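If you want the building blocks of each chain, they are given just below.
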Amino acid sequence: MRKTHVNRTVARLVEVELRPLMDLADERAVRDAGRYAATSLELGGPHIQVALKLAVLGLDTLTVLRLGSPFSKARREPATAWWNTLRGYPGFAQLRQLVRTPAMLLFSERIHIDRRA
């Protein structure tokens, strides 16, 4: 599995996860948080890389079966609804936590800086 595909999927997951918080920041903050999460996970050790690739492979396989395309390329509304269904299941809950943690760090920092300005 290519690194760029994993990064696109991570960025899409961040977008889906942070969408409810969009009234707190702009679209650029969400995009930056997605890039930051992808880069942070990319720099993680081999054990994180293997776990992330397996989780993305599982997510993409189920998404192709359900929606007809990989998660990173699926339309936003169906992908969001599908992720909201999956994110509570074992494996996907951990993927959510793994992706959301670095994204929320940057996102909350951006909100704090924007409010100070």
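Notes on the structure follow.

Procedures and definitions
- Residue positions are given per chain, counting from 1 as you read along its sequence in written order.
- Local features are withheld for residues below a pLDDT of 70 in this predicted model, meaning they are given only at 70 or higher, and side-chain atom pairs are given and counted only at 80 or more; totals for whole chains, interfaces and linings count all residues.
- Side-chain numbers here rest on the full set of heavy atoms in the structure, without hydrogens or water.
- Axes here mean lines fitted to C-alpha atoms, for a helix over just the part in contact, with angles spanning 0 to 180 degrees between N-to-C directions.
- Under the DSSP-based scheme used, a helix requires at least four consecutive residues in state H or I and a strand at least two consecutive residues in state E, with every element numbered from the N terminus.
- Each angle is binned into one of four classes, with values under 35 degrees roughly parallel, values over 145 roughly antiparallel, values of 65 to 115 roughly perpendicular, and all other values oblique.
- Whether a crossing is left-handed or right-handed is set by the direction in which the near helix is turned from the far one by less than a right angle, anticlockwise for left-handed and clockwise for right-handed.
- It only takes one pair of heavy atoms within 4.5 Å for two residues to be counted as in contact.
- Note on residue classes: Ala, Val, Leu, Ile, Met, Phe, Trp, Tyr, Cys and Pro are nonpolar, Asp, Glu, Lys and Arg are charged, and everything else, Gly too, is polar.
- Put plainly, a pocket is an open set of points on a 1 Å grid over the protein atoms alone with protein on both sides within 12 Å along at least five of seven lines, a cavity is a set where a 1.4 Å probe fits but cannot get out, and a lining residue has an atom within 4 Å of a point.
- Grid points are joined across faces, edges and corners, and a volume is the space filled by probe spheres set on the points.

Digging into the packing of helix α1 (residues 3-18) against helix α2 (residues 27-42)
Logical step 1: Between α1 and α2, whose axes approach to 8 Å, the crossing angle comes to 135°. Considering their axes alone, α1 and α2 lie oblique with respect to each other. Read as a crossing pair, α1 and α2 show a hand that is right-handed. In this structure, α1 contributes K3, N7, V10, A11, V14, E15 and L18 to the contact, and α2 contributes V30, A33, G34, A37, A38, L41 and E42.
Logical step 2: In terms of residue class, the contact of α1 with α2 is built from nine nonpolar, two polar and three charged.

Some thoughts on empty space enclosed by the protein
Logical step 1: Under the definition given, this model contains one cavity of 30 Å³ or more.
Logical step 2: Each pocket or cavity is described by its volume, and for the largest cavity that value is around 50 Å³.

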